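Letter by letter, the chains look like this.
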Amino acid sequence: MRILFLGDIVVQSGVSAVCACTPMLQKQYQPDITIANGENAADGKGMTKELYNRLKAAGIDLITLGNHAFSKRAFLFDTDDCMDIIWPANIGTYAPSRPVLIRLVNGKRLAVLNILGNVFMNADYEDPILVTKQILRHISADVILIDFHAEATSEKSIYFQYFKDRVTAIIGTHTHVQTADEKVENGCAFITDAGMCGPYDSVLGRDRNEAMDHAITGCSHYLPSDNASLICGLVIDIDDHTNRAVSIQRIQLRPGPND
Ligand SMILES: [Fe+2]
Ligand SMILES: [Fe+2]
């Protein structure tokens, strides 16, 4: 099985870039399934049904979220029409009750989880390790991929060490900066952060002048950048006999000078 995973899709520019690039990436890498983190698609915070439908039409099969999952309240009521969303399992009791999504891919049961970290995040989520253990105890799957949405590299590394023998891939998201530490250990693929699909000339997707203004004056109104986006992602190969990861490859496409 080959999985294409795209990092946090950030603002309109990121959505447009993902919609434009996904068919090309799928032609080049021939994945069996394409997963993207969409937590920042709607103006930097959250998801909408309209954006979900655009991303699905472009070829994204499953969409994970993150700490901004509740930012667009209306989306909470669209969940029955957006069945390929994976909500963070430990975000709290108001999340739609879908802590794991299982899909049949090439005859294999693929389970996808979205778990939030707790270190340096702006909220107290349920313990990510305890929640993950509970879910793993109750699911039956051949291949398990976890989008671990967290800030601290140490927390991501500890989480990977804890679960690497039990799952197939642990992909860090949230920081919007792709790390160069991808590896496979004990048949589990890992990267601290997949990076973002969002405006390249920006502060993590935010207009750089507005972000500097916020840092200096304290006035905050979050202005999304509309500059051209880079695409960050991964290709993960899983052995069809052992159901264990054998390779993880980073993708990073930066916009050209004329984009
Ligand atoms: Fe996030
Ligand atoms: Fe994000």
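Because the structure is predicted, anything quoted here is derived from the model rather than measured.

What exactly am I supposed to notice about the pattern of salt bridges here?
If charged atoms from side chains of opposite charge come close, those side chains can pair. Following the criterion strictly, the structure yields 10 salt bridges and no others. Across the pair Glu 185 and Lys 164 runs a salt bridge whose closest N-O atoms are separated by 2.7 Å. A residue pair is termed long-range when its members are at least 10 positions apart, and Glu 185 in strand β10 (residues 183-185) and Lys 164 in the loop between α4 (153-163) and β9 (169-173) qualify at 21 residues. Assessed through its relative accessible area of 24%, Glu 185 is described here as partly exposed. Of the residues examined, Lys 164 reaches a relative accessible area of 11% and is grouped as buried. Across the pair Arg 208 and Asp 201 runs a salt bridge, and its minimum N-O distance is 3.5 Å.

Explanation requested: the packing of aromatic side chains in the structure shown.
Each aromatic ring pair is described using two quantities: the centre-to-centre distance and the angle formed by the ring planes. For the coordinates displayed, the defined rule picks out six aromatic pairs. With a centroid separation of 4.9 Å and 65 degrees between ring planes, the pair formed by Tyr 162 and Phe 163 is classed as edge-to-face. One aromatic cluster is present, built from ring pairs that chain together Phe 148, Tyr 159, Tyr 162 and Phe 163.

Which parts of the structure should I look at to understand the side chain of Ser 229?
Examined against the element boundaries, Ser 229 turns out to sit in strand β13 (residues 229-238). Classification of Ser 229 as buried rests on a relative accessible area of 10%. There is a polar contact of 2.6 Å between the side chain of Ser 229 and the side chain of Ser 13. Residues contacting Ser 229, with those up to four places away along its chain left out, are Ser 13, Gly 14, Ala 17, Cys 197, Gly 198, Pro 199, Tyr 200, Leu 253 and Pro 255.

Is there a simple way to think about the coordination of the iron ion (ligand 1) in this case?
For the iron ion (ligand 1), the protein coordination sphere consists of Glu 39 (OE), Asn 67 (OD1), His 149 (NE2) and His 174 (ND1), at 2.1 Å. Viewed at the metal, the four donor atoms of the iron ion (ligand 1) are separated by angles of 88 to 145 degrees, and the geometry they form is irregular. All donors of the iron ion (ligand 1) belong to a single chain; written as a sequence motif, their spacing is E-x27-N-x81-H-x24-H. The metal-metal distance between the iron ion (ligand 1) and the iron ion (ligand 2) is 3.4 Å, with Glu 39 coordinating both. Residue Asn 67 is found in the loop between β4 (62-64) and β5 (85-86), and its partner His 149 is found in strand β8 (residues 143-149); the two are separated by 82 residues along the sequence.

Any chance you could explain the coordination of the iron ion (ligand 2) here in plain terms?
Six octahedral donors around a metal ideally subtend angles of 90 or 180 degrees, whereas four tetrahedral donors ideally subtend 109.5 degrees. Within the protein, Asp 8 (OD), Glu 39 (OE), Asn 40 (OD1) and His 176 (NE2) serve as the donor atoms for the iron ion (ligand 2), at 2.1 to 2.2 Å. Around the iron ion (ligand 2), the four donor atoms are arranged such that angles at the metal cover 86 to 162 degrees; this shape is classified as irregular. Here the donor residues for the iron ion (ligand 2) map to a single chain with the spacing D-x30-E-N-x135-H. Overall, the relative accessible area of 0% leaves Asp 8 in the buried class.

When you look at a nonpolar patch on the surface in this model, what are you seeing that I'm missing?
A cluster of nonpolar side chains, Val 177, Val 203 and Leu 204, forms an exposed patch at the surface whose accessible area comes to about 240 Å². Looking at the secondary structure, you find Val 203 in the loop between β12 (196-199) and α5 (208-217).

In this structure, what is going on with the pairing of strand β11 (residues 188-191)? I would like to understand it.
The side chains of a regular strand alternate between the sheet's two faces. Residues Cys 188 and Phe 190 line one face of β11 and the alternating positions Ala 189 and Ile 191 line the opposite face, and both faces are buried. Sheet topology note: the β9/β11 ladder contains three bridges and is parallel. Opposite Ile 171, over in β11, you have Ile 191 as the bridge partner. Relative to β11, β10 runs antiparallel, the two sharing three bridges. By the bridge assignment for β11, Glu 185 is matched with Cys 188. Linking β10 back to β11 in an antiparallel pair, the connection comprises two residues, with Asn 186 at a positive phi of about 55 degrees.

Explain the packing of helix α1 (residues 11-29) against helix α2 (residues 49-58) to me, please; I cannot follow it from the model alone.
Two packed helices can be described by the angle between their axes and the distance between those axes. At their nearest, the axes of α1 and α2 sit 9 Å apart, and the two run at 20 degrees to each other. Put simply, α1 runs roughly parallel to α2. Of the two elements, α1 crosses α2, and the hand of that crossing is right-handed. Residues Gln 12, Val 15, Ser 16, Val 18, Cys 19, Thr 22, Pro 23 and Gln 26 of α1 form the contact with α2, whose participating residues are Leu 51, Arg 54, Leu 55 and Ala 58. Residues belonging to the contact of α1 with α2 are distributed by class as follows: seven nonpolar, four polar and one charged.

Any chance you could explain α2 here in plain terms?
Given 3.6 residues per helical turn, the α-helix brings residues three or four places apart onto the same face. Burial in α2 covers these residues: Leu 51, Tyr 52, Leu 55 and Ala 58. Projection of α2 onto a plane perpendicular to its axis shows the buried side chains occupying an angular sector of 130 degrees, all on one side. Facing away from the buried surface of α2 by more than 90 degrees, the exposed residues are Glu 50 and Ala 57. Buried positions along α2 lie against β2 (8-9), α1, β4 and β5. Just beyond α2, the residue with positive phi is Gly 59, at close to 115 degrees.

About the criteria used
Residues numbered from 1 in each chain as written. Chains lettered and ligands numbered in written order. Predicted model: local features only at pLDDT ≥ 70, side-chain atom pairs only at ≥ 80, totals over all residues. Heavy atoms only, no water. Salt bridge = Lys/Arg side-chain N within 4 Å of Asp/Glu carboxyl O. Helix = DSSP H or I, 4+ residues; strand = E, 2+ residues; numbered from the N terminus. Buried < 20%, exposed > 50% of the residue type's maximum accessible area, 1.4 Å probe, protein only. Phe/Tyr/Trp six-rings, centres within 6.5 Å; stacked < 30°, edge-to-face > 60°. Polar contact = N/O pair within 3.5 Å; in protein donor to acceptor, adjacent residues only side chain to side chain. Contact = heavy atoms within 4.5 Å. Donors = N, O, S within 2.8 Å, 3.2 Å for Na, K, Ca; no water. Tetrahedral: all angles 85-135°; square planar, octahedral: opposite > 155°, others 65-115°. Patch = residues over 30% accessible without salt bridge, like charges linked within 9 Å, V, L, I, M, F, W, Y side chains within 5 Å. Areas by Shrake-Rupley, 256 points an atom, 1.4 Å probe, with all protein chains shown as cover. Pairing = 2+ DSSP bridges. Axes fitted to C-alpha atoms, helices over the stretch in contact; angles between N-to-C directions. Parallel < 35°, antiparallel > 145°, perpendicular 65-115°, else oblique. Left-handed = near helix turned anticlockwise from the far one by under 90°. Nonpolar A, V, L, I, M, F, W, Y, C, P; charged D, E, K, R; others polar. Arc of directions from axis to C-beta.

Any functional reading would require information that these geometric values do not contain.
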